[in-house]
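# Fold and contact review
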Amino acid sequence: MKEILFLAHRAPFPPDRGDKIRSFHILRHLAARARVHLVAFADDPRDLHPAAEYRALVDECVIVPRTKSRLRAALEALATAQPLSVTAFAHRGVERAVRDILARRPIEAIYVYSGQMAQYLLVAGPRTIMDFVDLDSAKFAAYAEDAQGITRWMMQREARMLAAFEREVAGRVDASLFVSEAEARLLPGSIAIENGIDTAHYDPTAAHVPEVGQGPLVVFTGQMDYRPNIDAVTWFARDLLPQIPGVRFAIVGRAPSAEVRALAGERVIVTGEVADVRGWLKAASVVVAPLKLARGIQNKVLEAMAMARPVVASVAAAEGIDHRGTIRVARDGADFVASVNALLADPVAAAALGKAARAQAIARYDWAAALAPLDPLIGL
């Protein structure tokens, strides 16, 4: 059986946030066809000891806590003329683990998940697949446009240095992958392997316990210490919600920042981490994705679609999703408000939109179909 080394910037399990969902399904796909050895970081102590069902997927499992401070990573980046995104994940223990597995095992292929892990491509020989997921240099360039002073300089530096790093890595691997065609076009010669959705798990007919409360509910889901999500819910709560009468807005996701927690009030619910997001999605009258900055395919949108919820998304959040007739795409704040109000006023139309969204999720975004192109790329 072929042996694969899988490198990830964040432990793929449990699959409870966007980047971990993609890496988990890819790892599970590979583990059904080959013997997989995992080396990954954990930024949550709970991820250091995977549950038995996850541990059984891999042969060797090395998960290292990521404890380096942002200040130390920034100083190392300046001292070594490297991107901060790279120095933040530079770790001698991870390098030793990679060298050890390569020395002991007949590794025939390496799957690198996220650009930060490309620094651990230590030897030539095994077939190498680089899953950039998104083009991080483009993300930092976008951040720089809205920043000022030293922050703007740092974002511009990161964008410039990451762009050079990404081009260099792409030039020495066998295939470079991105999550959408739009992202793949940013680095010539790359391939799109789209995100999928587990429609059996996200099933609106299953016995999920919906969250209770009075009146219609608008829901946003996501990791709430992530800047694009913070900016999205802040904009919606402060600028758009006052124009949408009679609804509550639920911000559902782990690690809400101080800015997000400050939004909580009579009409805004900030849940923090929840055991199961499906109950909140099932209770949603409308799911919103008002992101101004988004890269690739948004899992939050696919999850809502699979749960047959009517979705209103910004242009950025809808990018990469085949959304014709399945979600509403809002061009600006006024369009967002009008779309949400229209769906709330017409439950029949909202239900029909949700039904079409689930049908599209099943037909277009099943994980098995999404990942099938991986097999010939990695030589399975």
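The rules behind each value
- Residues numbered from 1 in each chain as written.
- Predicted model: local features only at pLDDT ≥ 70, side-chain atom pairs only at ≥ 80, totals over all residues.
- Heavy atoms only, no water.
- Helix = DSSP H or I, 4+ residues; strand = E, 2+ residues; numbered from the N terminus.
- Rg over C-alpha atoms; globule rule 2.2 N^0.38 Å.
- Buried < 20%, exposed > 50% of the residue type's maximum accessible area, 1.4 Å probe, protein only.
- Contact = heavy atoms within 4.5 Å.
- Areas by Shrake-Rupley, 256 points an atom, 1.4 Å probe, with all protein chains shown as cover.
- Lys, Arg positive; Asp, Glu negative; His and termini not counted.
- Charge placed at Lys NZ, Arg CZ, Asp CG, Glu CD.
- Pairing = 2+ DSSP bridges.
- Expected span 1.5 Å × (residues − 1).
- Arc of directions from axis to C-beta.
- Axes fitted to C-alpha atoms, helices over the stretch in contact; angles between N-to-C directions.
- Core = buried A, V, L, I, M, F, W, Y, C linked by side-chain atoms within 4.5 Å.

## Thoughts on the overall build of the protein
Along the protein, the regular secondary structure elements total 17 helices and 13 strands. Its C-alpha atoms give the protein a radius of gyration of 21 Å, within 12% of the compact-globule value 21 Å for 380 residues. Sorting the 380 residues of the protein into buried and exposed places 57% on the buried side. Put simply, 68% of the contacts in the protein that link residues at least 6 apart link residues at least 24 apart. Summed over all atoms, the accessible surface of the protein reaches about 16300 Å², with 53% contributed by carbon and sulfur. Taken as two groups, the 45 positive and 43 negative side-chain charges of the protein have centres that lie 2 Å from each other.

## Comments concerning the pairing of strand E11 (residues 286-289)
Burial along E11 is two-sided: Val-286 and Val-288 and Val-287 and Ala-289, pointing in opposite directions, are all buried. Sheet analysis places strand E8 (residues 217-221) next to E11, joined by 2 bridges and oriented parallel. Within the sheet, the bridge partner assigned to Val-219 lies in E11 and is Val-287. As paired strands, E11 and strand E12 (residues 311-314) are joined by 3 bridges and run parallel to one another. Of the residues in E12, the one forming a bridge with Val-288 is Val-312.

## A few points about helix H5 (residues 92-104)
Under the 1.5 Å per step criterion, the end-to-end length of H5 is 18 Å for 13 residues, consistent within 8% with the ideal 18 Å. Those residues of H5 not exposed but buried are Gly-93, Val-94, Ala-97, Val-98, Ile-101 and Leu-102. Summarising the axial view, the buried residues of H5 lie within an arc of 170 degrees, below the 170-degree limit, and thus occupy one face. Seen from the open side of H5, the exposed residues pointing more than 90 degrees away from its buried face are Arg-92, Arg-96 and Ala-103. In this fold, the buried residues of H5 make contact with strand E1 (3-8), strand E2 (35-42), strand E3 (60-65) and strand E4 (109-113).

## Quick word on the sheet that holds E2
Strands in a sheet are paired, the pairing made by backbone hydrogen bonds, and the direction either parallel or antiparallel. Pairing within the open sheet is parallel, and its 7 strands lie in the order E3-E2-E1-E4-E5-E6-E7. Only two strands of the sheet have a single neighbouring strand rather than two, namely E3 and strand E7 (191-192). Here E2 runs beside E3; their pairing, made up of 6 bridges, is parallel. Residue His-37 lies in a different strand from E3, and its bridge partner there is Glu-60. The strands touched by helix H1 (residues 18-31) within the sheet are E1, E2, E4, strand E5 (127-133) and strand E6 (175-178), with E4 carrying the most contacts at an inclination of about 165 degrees. Contacts from H5 reach E1, E2, E3 and E4, with the element oriented near 170 degrees to E2.

## Examining the nonpolar core
If you look at the biggest cluster of nonpolar residues, it comprises 60 residues, and the most contacted ones within it are Phe-236, Phe-249 and Val-288. Residue contributions to this core peak at 7 residues, all from helix H9 (residues 227-240). If you look at the next biggest cluster of nonpolar residues, it comprises 42 residues, including Val-112, Phe-140, Leu-162 and Ala-192.

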